[in-house]
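Take a look at the letters that make up each chain.
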Amino acid sequence: MAQQHRKGTFNVPVSHYISHTVSGQEVLITTGNSTVRIIVYDHSVIRFRISKPEQEFSGFSYAVIEQPKPVEFKISDEGENLTLTTSLLKVIMNKEKVRISIYDVEGNFINGDDPSFGTSWLGNEVTTYKKLIADERFIGLGEKTGNLDRRGKAYVNWNSDNFAYGVDDDPIYLSTPFYIGIHGNQNYGIFFDNSHKTTFSFGCSNDRFSYFQAEDGEMNYYFIWKPNVAGIIERYTWLTGRLEMPPLWSLGFQQCRYSYYPYPEVLNAARTFREKDIPADVLYLDIHYMDAYKVFTWHPTRFPDPDALMKELKKMGFNVVVILDPGIKTEAGYHAYDDGKEKGHFVKYPDGEEYNGQVWPGWSAFPDFTKEEVREWWGKQMNILTDNGIEGFWNDMNEPAAWGQHLPDLIEFDYEGEGGTHKKSHNVYGMQMARSTYEGGKKLLDGKRTFVLTRAGYSGVQRYAAVWTGDNVSSDEHMLAGTRLVNSMGLTGIPFAGNDVGGFAGEATPELFARWIALGAFSPFFRSHSMVNSRDSEPWSFGEEVEDISRNYIKLRYRLMPYLYSVFYEASQNGMAVSRSLAIDYTYDNNIYSNPYQNQYLFGPSILVIPVESTRELHKAYFPEGAWYNLYNDKIQQGNREEILSALKEQQPLYVKAGSILLMQESSNHLLNVKELERMEIHIYPGAETSFVYYEDDGETYQYKGGASLVRTFELKSNSLRISPKSGSYTSHFKTWRVFIHGLKPDAKITVNSASVEENTMNYRFIEPVSDFDPYHKPPTDPLEIKDLIYVDVKWNDAEAVIHW
Ligand code: MIG
């Protein structure tokens, strides 16, 4: 086609190489029409920045908190190619067209540009096209609906309030433009750090390339290579940060409702949990606690004495989390509005007029959370809540959402001084609101940990908040889709996530609620919530049988707290997921991606969770390689197999990987009193070598940062468990160990530090029998009891301990 006859906007790729210079960790390449910067962050993380000469970008990022490390790399200029080599990677840039291909040091191809298009512009839109490999799979991208393997689909990152979204709707609330590609025996990560609306296509509607594209801004991506998925997540969270240890109470069961009011309703819910012996730590106040939905106010008649209410709830062991929406009612005389307006803290039109949109309080102004001063101002407003004993905050509507769901693109944000329209700022707004809330709460609580829950976010939001998946629906497909959303966030550096148990919109059947609450007990963030004007959906609202099931699984979670808290510690150290998609440990096993099995996951390193729809009592499951103990009865299940399981509604299928250690304690009705629990249970599941890092601290302050923590490594060999001496200055609240050895022959001899000890046996249950109200015959099921389980009691000792059998 003769170029001169073409009219309009067409694709323009990066053109030929002209020259390059190297300074520090950066190689700057001038091409015929653009500038390409390659920055070596470390041996396995390389950043690519590509822009046109007339564009100038600061490179500022809300997501990335790391700087390039001064690692060695080599540049060689050999004829056709410019080659950059680190100790792990070889980046080859073809000079004629400036297309990039990346190999490992053995010369295996990992990832490369489409040879024609590479990075291209279409008007202001910038795209990088990557060669699609025949067997390539794509996982991650955070809170995205759809399958675990995203091949063949495309996704848009634009934080959206999407009430009662469909299980294939896109986008929903949160954007994390990071994915992991898998082919052959290679895997790599790509993080496209551009806050504009972005589109990712994984070979969607084409068989040639995958691509990532932004409406505007710079091509700015980080390429990450590590031998395994866990390593890639570790590097991604090295760049974008990790969660801090959350308050222990936030790992307990949380009961929400839109809305509990007036205040006796809240007390009533609290008392019912205690009367019914169902553990719970948190109750929520949704928008009705406020006066006319005005943030930082209490409703005068519904909550006349918040201080007294909070004291009463704390006495019962409850924390309260209150909702905070960003929209501030434009009402003269309302302090937050008057003060914010006077200080110029609200988002404006380009002509300086305050932008107003409608939300719950009516016409509202929106704080510009992309400015430090405004974040501090917001944080200070929170004192009216912390003064009343509130320690947890729930950020909703922070996409930001306003009625109509289309904020005008031209409104402007500070964006840390560099400025940005709504197009550039929208996707980071929610994260910066969560940050304001987190930093404000932390300051006001003066040494105590705060808890923030957010709906919207961007890469790095894990540093400030837990995430829930918004307005899901009471249906089986949503329960399963929600599991995938949480697991996908785990692949994307957000370990602390969950969905509304029972479903937010619609009404769960008793069967569905029973399944969902058992599954929710194995979710990092565990909260039941439901929509205004819907039926009650507390654990006791579905009849006695569901109440028993709820109690069983909530208690089981509370008993697993030493394990779970340690798994959160791991997440805080290396960004590892808590709910772990099987793609992390079984990346190259095709079965785990298949439709019937893609919802299965590991909760922590050891517990295989198999979600089951409420309409089924038989269920098809897949067991990855190795061997698996049925949690309830220790029956061994061989791996690499598909099986049909019986799964009655009182029984969530759970399996423990052979070669595991589960650390447990007795149940308590809330987590503020766990320090009274004296006995730790150590459940050993022999079958493979493993180690598990146990972590303990006070669960409520930051003193662990000064060394007030306790770390011990539990190392399992074929017939021994070695517990390392403690490190750290924290004194455990445990006084004894009860060591259970699963699958052990009755005649085994057990020694502790080489001395023989008295062996005991007991019939052991992880869950209690459920009252049977069904007069009809039920299909046979597996027993829920382990007969004659062998155990020994050992005094807790801070020095090394070796248990041998
Ligand atoms: O426009 O605060 O996702 O959890 O209960 C709806 C009321 C606003 C949406 C949240 C939901 C919350 C509800 N909110």
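For the structure, see preceding data.
First things first, this report covers the structure right here in the doc. All of these numbers come straight from a predicted model, not from anything done at the bench.

## Remarks on the site of the ligand
Among the 13 residues in the neighbourhood of the ligand, the closest are listed as Asp 286, Asp 396, Arg 455, Asp 471 and His 529. Within the side chain of Asp 396, a nitrogen or oxygen atom sits 2.7 Å from a nitrogen atom of the ligand. His 529 places a side-chain nitrogen or oxygen 2.9 Å from an oxygen atom of the ligand. Here the ligand loses 94% of its free accessible area of 350 Å² to cover by the protein chains. Tallied by class, residues from the shell around the ligand come to 8 nonpolar, 1 polar and 4 charged.

## Thoughts on the nonpolar core
Ranked by size, the top nonpolar core spans 216 residues in total, and within it Leu 313, Phe 522 and Ile 682 carry the most contacts. It is helix α11 (residues 561-574) that provides the largest number of residues to this core, a total of 8 residues. Residue contacts for Phe 522: discarding those within four places in its chain leaves Tyr 553, Leu 556, Arg 557, Leu 560, Ser 579, Tyr 601, Phe 603, Ile 607, Val 609 and Leu 654. Val 40, Ile 50, Leu 82 and Val 126 belong to the second largest nonpolar core, which has 39 residues in total.

## A word on the sheet that holds strand β38 (residues 607-609)
The strand order across the open sheet formed by 6 strands is β36-β37-β38-β43-β40-β41, and the pairing between neighbours is antiparallel. With partners counted over all chains shown, the strands left at the sheet margins are β36 (579-581) and β41 (636-638), one partner each. Neighbour to neighbour, the strand axes of the sheet diverge by 35° on average, direction disregarded. Taken together, the 3 bridges between strand β37 (residues 601-603) and β38 define a ladder with antiparallel strand orientation. Of the residues in β38, the one forming a bridge with Tyr 601 is Val 609. Strands β36 and β37 of the sheet are contacted by helix α8 (residues 476-490), whose axis makes an angle of about 90° with β36.

## A closer look at the sheet that holds strand β54 (residues 801-804)
Sheet architecture is open: 6 strands sit in the order β46-β47-β48-β54-β50-β51, paired in antiparallel fashion. Whereas interior strands pair on both sides, the edge strands pair on one side only; in this sheet they are β46 (690-697) and β51 (755-756). Pairing analysis gives 4 bridges linking strand β48 (residues 720-723) to β54, with the strands arranged antiparallel. Bridged to Ile 723 within β54 is Ala 801. Of the strands in this sheet, β46 and β47 (709-717) touch α11, which is tilted by about 95° from β46.

## Section: the packing of aromatic side chains
In total, this model carries 70 aromatic pairs according to the counting rule given. Seen from their ring centres, Trp 360 and Trp 403 are 5.1 Å apart, and the 90° between their planes marks the pair as edge-to-face. In this pair, Trp 360 sits in the loop between β25 (356-359) and β26 (362-365) while Trp 403 sits in the loop between β27 (392-395) and β28 (412-413), placing the two residues 43 residues apart along the sequence. Overall, Trp 403 belongs to the partly exposed group, its relative accessible area being 41%. Three or more aromatic residues joined by ring pairs form one cluster here, namely Phe 48, Phe 138, Tyr 155, Tyr 179, Tyr 188, Phe 192, Phe 200, Phe 202, Phe 212, Tyr 221 and Phe 223. In this structure, Lys 424 is placed above the aromatic ring of Tyr 415, and the distance from its NZ or CZ to the ring centre is 4.5 Å.

## Regarding helix α7 (residues 422-445)
Between its first and last C-alpha atoms α7 spans 33 Å; for 24 residues at 1.5 Å apiece the expected length is 34 Å, and the two agree. At Val 428, α7 shows its strongest bend, of approximately 45°. With respect to burial, α7 is a largely interior element, 19 of its 24 residues being buried. Phi turns positive, to about 50°, at Asp 446, one or two residues after α7.

## Notes on the pattern of salt bridges
Tallied over the full model, the rule gives 46 salt bridges. One salt bridge connects Lys 343 with Asp 339, and the closest N-O pair in it is separated by 2.9 Å. A relative accessible area of 14% places Asp 339 in the buried class. With a shortest N-O distance of 2.9 Å, Arg 616 and Glu 613 are connected by a salt bridge. Residue Arg 616 is classed as partly exposed on the basis of its relative accessible area of 40%.

## Quick look at the environment of Val 792
Examined against the element boundaries, Val 792 turns out to sit in strand β53 (residues 786-795). Setting aside residues up to four positions removed in sequence, Val 792 forms contacts with Trp 737, Arg 738, Val 739, Ile 750, Val 752, Val 757, Glu 758, Glu 759 and Asn 760.

## Comments concerning the side chain of Thr 128
Tracing the backbone through its elements, the reader meets Thr 128 in strand β12 (residues 125-131). Looking at Thr 128, the relative accessible area reads 0%, which means it is buried. There is a polar contact of 2.8 Å between the side chain of Thr 128 and the side chain of Thr 119. When sequence neighbours within four positions are dropped, the list of residues in contact with Thr 128 reads Asp 113, Gly 118, Thr 119, Ser 210, Tyr 211, Phe 212, Met 219 and Tyr 221.

## What about the side chain of Asn 33?
The topology assignment puts Asn 33 in the loop between β3 (26-31) and β4 (35-42). One polar contact links the side chain of Asn 33 to the main-chain amide nitrogen of Ser 15, over a distance of 2.9 Å. In this structure the side chain of Asn 33 is engaged in a polar contact, spanning 3.1 Å, whose partner is the side chain of Ser 34.

Each value, and the rule that gives it
Residues numbered from 1 in each chain as written. Predicted model: local features only at pLDDT ≥ 70, side-chain atom pairs only at ≥ 80, totals over all residues. Heavy atoms only, no water. Near = heavy atom within 4 Å. Polar contact = N/O pair within 3.5 Å; in protein donor to acceptor, adjacent residues only side chain to side chain. Areas by Shrake-Rupley, 256 points an atom, 1.4 Å probe, with all protein chains shown as cover. Nonpolar A, V, L, I, M, F, W, Y, C, P; charged D, E, K, R; others polar. Core = buried A, V, L, I, M, F, W, Y, C linked by side-chain atoms within 4.5 Å. Buried < 20%, exposed > 50% of the residue type's maximum accessible area, 1.4 Å probe, protein only. Helix = DSSP H or I, 4+ residues; strand = E, 2+ residues; numbered from the N terminus. Contact = heavy atoms within 4.5 Å. Pairing = 2+ DSSP bridges. Axes fitted to C-alpha atoms, helices over the stretch in contact; angles between N-to-C directions. Phe/Tyr/Trp six-rings, centres within 6.5 Å; stacked < 30°, edge-to-face > 60°. Lys NZ or Arg CZ within 6 Å of the ring centre and 35° of its normal. Expected span 1.5 Å × (residues − 1). Bend = angle between axes of the 7 residues up to and from the residue. Salt bridge = Lys/Arg side-chain N within 4 Å of Asp/Glu carboxyl O.

In short, shape yes, function no, at least from these values alone.
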